[in-house]
Amino acid sequence: MRVGIYPGSFDPVTYGHRDIIQRASRLVDQLYVAVASNPYKQPFFEIPERIQMLEKCFEGTRNVIFDHFNGLLVTYAKEKGATVIFKGLRAFSDFENEFRMALANRELAPEVETVFLMTSHQYAYLSSSLVKEIVSLGGNLKGMVPPFVEKKLKNYIKNRRGKKF
Ligand code: PNS
């Protein structure tokens with residue numbers, strides 16, 4: 001059985017993530033979508049909430065498991081028996097950081113391959129940070145996130161004004 005991991009912050013899930021999850025899930029038997037707890041970032045949403053949003057986007061999907069991990073990605077990948085890490089690539093700006101992480105992960109675990117999926121063109125600009133900026137400044141997120149995620153973001157902004165992203 002071929003197992004893959006798609007890691008990320010997913011704070012919150014966007015249509016760009018959804019696209020990568022759909023495509024990655026066709027390439028493996030089991031895909032773990034793994035929410036990272038990154039101590040260096042100040043998230044809008046706690047990990048269980050981020051997982052709930054992901055699950056809601058993928059109700060009825062057969063081979064995708066939503067989970068979270070602490071620590072090194074490759075340690076988590078090995079625990080799950082994964083041989084592939086999927087990453088989405090958008091613009092050139094993603095490349096340097098992703099290249100660095102892929103090389104570091106290969107050094108740590110040569111048996112785990114990183115596979116980059118090129119973004120679908122309509123999501124090339126899209127990121128969770130951008131979505132948070134737009135909603136913080138009163139914009140709408142049509143075509144960027146599912147309507148229930150937009151609602152959650154707007155509630156968050158209403159209740160917690162002033163928080164950085
Ligand atoms: O959605 P993001 O914030 O771009 O995801 C980044 C993530 C979670 C994939 C990355 O920070 C990560 O792999 N974190 C786990 C810690 C780790 O393994 N670090 C060494 C890899 S270079």
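Residues numbered from 1 in each chain as written. Predicted model: local features only at pLDDT ≥ 70, side-chain atom pairs only at ≥ 80, totals over all residues. Heavy atoms only, no water.

1. Thoughts on the site of the ligand
Which entries qualify depends on this criterion: One heavy atom suffices: a residue is near a molecule or strand as soon as one of its heavy atoms comes within 4 Å of it. What qualifies as a polar contact is a pair of N or O atoms within 3.5 Å, subject to a donor-acceptor requirement within protein and to the restriction that residues adjacent in sequence count only when both atoms come from side chains. Only the protein chains shown count as covering a residue, and every accessible area follows the Shrake-Rupley method with a 1.4 Å probe. Each helix is a run of H or I in the DSSP string that is no shorter than four residues. Each strand is a run of E no shorter than two, and both are numbered from the N terminus.
As a structural note, the neighbourhood of the ligand is formed by 13 residues, with Ser9, Ala36, Lys41, Leu72 and Leu73 the closest of them. Contact between the ligand and Ser9: an oxygen atom at 2.5 Å from a side-chain N or O atom of the residue. Within the backbone of Leu73, a nitrogen or oxygen atom sits 2.8 Å from an oxygen atom of the ligand. When the free accessible area of the ligand is taken as 550 Å², the share hidden by the protein chains comes to 71%. Mapped onto the shell around the ligand, the elements with two or more residues apiece are strand S1 (3-8) and helix H4 (92-108).

2. Notes on the environment of Gly81
Turning to its location among the elements, Gly81 is positioned in the loop between helix H3 (73-79) and strand S4 (84-89). For the pair Gly81 and Gly4, spaced 77 residues apart in sequence, the C-alpha to C-alpha distance is 8.4 Å.

3. Comments concerning a nonpolar patch on the surface
This is how the line gets drawn: Residues enter patches when their relative accessible area tops 30% and they take part in no salt bridge; the joining distance is 9 Å for like charges and 5 Å for the nonpolar side chains Val, Leu, Ile, Met, Phe, Trp and Tyr. Think of a salt bridge as a Lys or Arg side-chain nitrogen and an Asp or Glu carboxyl oxygen that are within 4 Å of each other. Accessible area is worked out with a 1.4 Å probe on protein chains only. A residue is then buried under 20% of its type maximum, exposed over 50%, and partly exposed in between.
A surface patch of nonpolar side chains, amounting to about 290 Å² of accessible area, comprises Phe95, Phe99 and Leu103. Judged by its relative accessible area of 41%, Leu103 falls in the partly exposed class.

4. A word on helix H6 (residues 147-159)
Rule in force here: Under the convention used throughout, the expected extent of a helix is 1.5 Å for every residue step, that is, one less than its residue count. The arc under discussion is defined with respect to the helix axis, by the directions toward the C-beta atoms. In this analysis, two residues are considered to be in contact whenever any of their non-hydrogen atoms come within 4.5 Å of each other.
With 13 residues, H6 ought to run about 18 Å at 1.5 Å a step, and its terminal C-alpha atoms sit 18 Å apart, in line with that. The set of residues buried in H6 consists of Val149, Glu150, Leu153, Tyr156 and Ile157. Viewed end-on, H6 has its buried residues packed into an arc of 120°, placing them on one side of the element. Exposed residues lying more than 90 degrees from the buried face of H6 are Pro147, Lys151, Lys158 and Asn159. Structurally, H6 contributes buried residues whose contacts are with helix H2 (47-57) and helix H5 (128-136).

5. Details of the sheet that holds strand S3 (residues 64-69)
Inclusion rule: A strand pair is defined by DSSP finding two or more bridges across the two strands. What counts as an axis is a line fitted to C-alpha atoms, over the stretch in contact for a helix, and the angles between N-to-C directions run from 0 to 180 degrees.
Taken in spatial order, the 5 strands line up as S3-S2-S1-S4-S5 in an open sheet, and their pairing is parallel. Taken across any chain shown, the strands that pair with only one partner, and hence form the sheet edges, are S3 and strand S5 (113-118). Taking the axes of each pair of neighbouring strands and ignoring which way they run, one obtains an average angle of 30° across the sheet. Where S1 lies against S4, 2 bridges are found, and the strand directions are parallel. Residue pairing for S4: Ile5 is matched across the bridge by Ile85. Each of S4 and S5 touches H4; the most contacted strand, S4, lies at about 170° to it.

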